[in-house]
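A closer look at the structure
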Amino acid sequence: MESLPHWIGQHALALWATVLILALLAGDLLWRLARRRKLAATGRNDYLSLQPRTATILLMLFGALFASLSWAVWAHTALTGFDAELAQALRAQLPPEVLGMVALVTNIGDPMLLMVAGAAVALLLALKRSWRLFVPWCVALGGTAACGELAKRFVKRVRPFDGHGFVVGNGYSFPSGHAMMSMVFFGMLAYLLLRQFRPPRHRATVATAVALITIVGISRVMLQAHYLSDVLAGYALAAFWLVLGVSLAEQLRRNTRAP
């Protein structure tokens, strides 16, 4: 019977497109539900507020997911065997022309590039004296980068492969720097833009952020620059700090409005 990693390797491009479509549909559904509930409750379009209780639940979920993945990789559980089989299947079945195409888009999530862009956004917020957004922005991006580096040094996971010439992986593999930085950067940037744009532009903003985050993460697996669990852990860690950043921004906004 054909193994799951082998089947995924055979249908990698179709699965990539399917995951992207599902992510876009899920993001759009969450956007519509949030907007509908806020309109029903207040009659206003201000549906971005993240309540402390919801934020706490999300922080616990993402924190637990990241901790579980970290332990599973560190302890060399069955997950690491699946990761290795999938990486081997992708290496054996993806042709060079496909890898070349994927390599063109993976650099959208380059951590150094996004850190430079993040510093530029922080500088712009500081110049505008928008401290209620400057502080959460720095907390989210800085926390993600720092915790990601600590996790890499703790787990010390070697990257899957090297040598096909399309990407060069430096440092440890777990968690994926591309995945976590694309999640926190594009997620926080989307939040900033949603605060600036009128509601008719919100849907496109959410879709763009979801698409970029999904494309970058899957590209790292297809290029065998990271194992699948590296990318999932990167998403979980960044989602934790993204929720923390947004909830902090919302709390600062509520405090400013309070008499």
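Below is a short write-up of the structure. None of the values given here were measured: they were computed from a predicted structure.

Cut-off values and rules
- Residues numbered from 1 in each chain as written.
- Predicted model: local features only at pLDDT ≥ 70, side-chain atom pairs only at ≥ 80, totals over all residues.
- Heavy atoms only, no water.
- Salt bridge = Lys/Arg side-chain N within 4 Å of Asp/Glu carboxyl O.
- Helix = DSSP H or I, 4+ residues; strand = E, 2+ residues; numbered from the N terminus.
- Buried < 20%, exposed > 50% of the residue type's maximum accessible area, 1.4 Å probe, protein only.
- Polar contact = N/O pair within 3.5 Å; in protein donor to acceptor, adjacent residues only side chain to side chain.
- Contact = heavy atoms within 4.5 Å.
- Core = buried A, V, L, I, M, F, W, Y, C linked by side-chain atoms within 4.5 Å.
- Expected span 1.5 Å × (residues − 1).
- Axes fitted to C-alpha atoms, helices over the stretch in contact; angles between N-to-C directions.
- Parallel < 35°, antiparallel > 145°, perpendicular 65-115°, else oblique.
- Left-handed = near helix turned anticlockwise from the far one by under 90°.
- Nonpolar A, V, L, I, M, F, W, Y, C, P; charged D, E, K, R; others polar.

1. Description of the pattern of salt bridges
- Tallied over the entire structure, the rule returns 4 salt bridges.
- Among the ionic pairs, Asp 230 bridges to Arg 157, the shortest N-O distance being 2.7 Å. Placement of Asp 230 in helix α10 (residues 228–257) and of Arg 157 in the loop between α7 (131–155) and α8 (177–196) is noted, with a sequence separation of 73 residues between them. Taken as a pair, Asp 230 and Arg 157 share a single burial class, namely buried.
- With a shortest N-O distance of 2.5 Å, Glu 250 and Arg 195 are connected by a salt bridge. You can see Glu 250 sitting in helix α10 and its partner Arg 195 sitting in helix α8, a full 55 residues away along the chain.

2. Section: the side chain of Thr 106
- By the element assignment, Thr 106 lies in helix α5 (residues 96–106).
- For Thr 106, a relative accessible area of 1% puts it in the buried group.
- One polar contact links Thr 106 to Arg 220, side chain to side chain, over a distance of 3.0 Å.
- Once residues lying within four places of it in the same chain are set aside, the contact partners of Thr 106 are Val 167, His 178, Val 216, Ser 219, Arg 220 and Leu 223.

3. Some details on the nonpolar core
- Grouped together as the largest cluster of nonpolar side chains are 54 residues, with contacts concentrated most on Trp 137, Met 188 and Met 222.
- If sequence neighbours within four positions are ignored, Trp 137 has contacts with Gly 118, Val 121, Ala 122, Leu 125, Phe 185, Met 188, Leu 189 and Leu 192.

4. Quick look at α7
- With 25 residues, α7 ought to run about 36 Å at 1.5 Å a step, and its terminal C-alpha atoms sit 35 Å apart, in line with that.
- Along α7, the positions that sit buried rather than exposed are Leu 133, Pro 136, Trp 137, Ala 140, Leu 141, Gly 143, Thr 144, Gly 148, Ala 151, Lys 152 and Val 155.

5. Observations concerning the environment of Leu 248
- Within the element layout of this structure, Leu 248 appears in helix α10.
- Sequence separation between Leu 248 and Leu 50 is 198 residues, and the spatial gap between their C-alpha atoms is 9.1 Å.
- Contacts of Leu 248, omitting those with residues within four sequence positions, involve Val 135, Pro 136 and Val 139.

6. Considerations on the packing of α5 against helix α9 (residues 202–222)
- Here α5 crosses α9 at 140 degrees, and the two axes come no closer than 9 Å. By the angle between their axes, α5 is oblique relative to α9. Crossing handedness for the pair α5 and α9: left-handed. Within the contact between the two elements, α5 uses Val 98, Leu 99, Val 102, Val 105 and Thr 106 and α9 uses Ile 215, Val 216, Ser 219, Arg 220 and Met 222.
- Tallied by class, the residues present in the contact of α5 with α9 amount to 7 nonpolar, 2 polar and 1 charged.

Keep in mind these values describe shape, not function.
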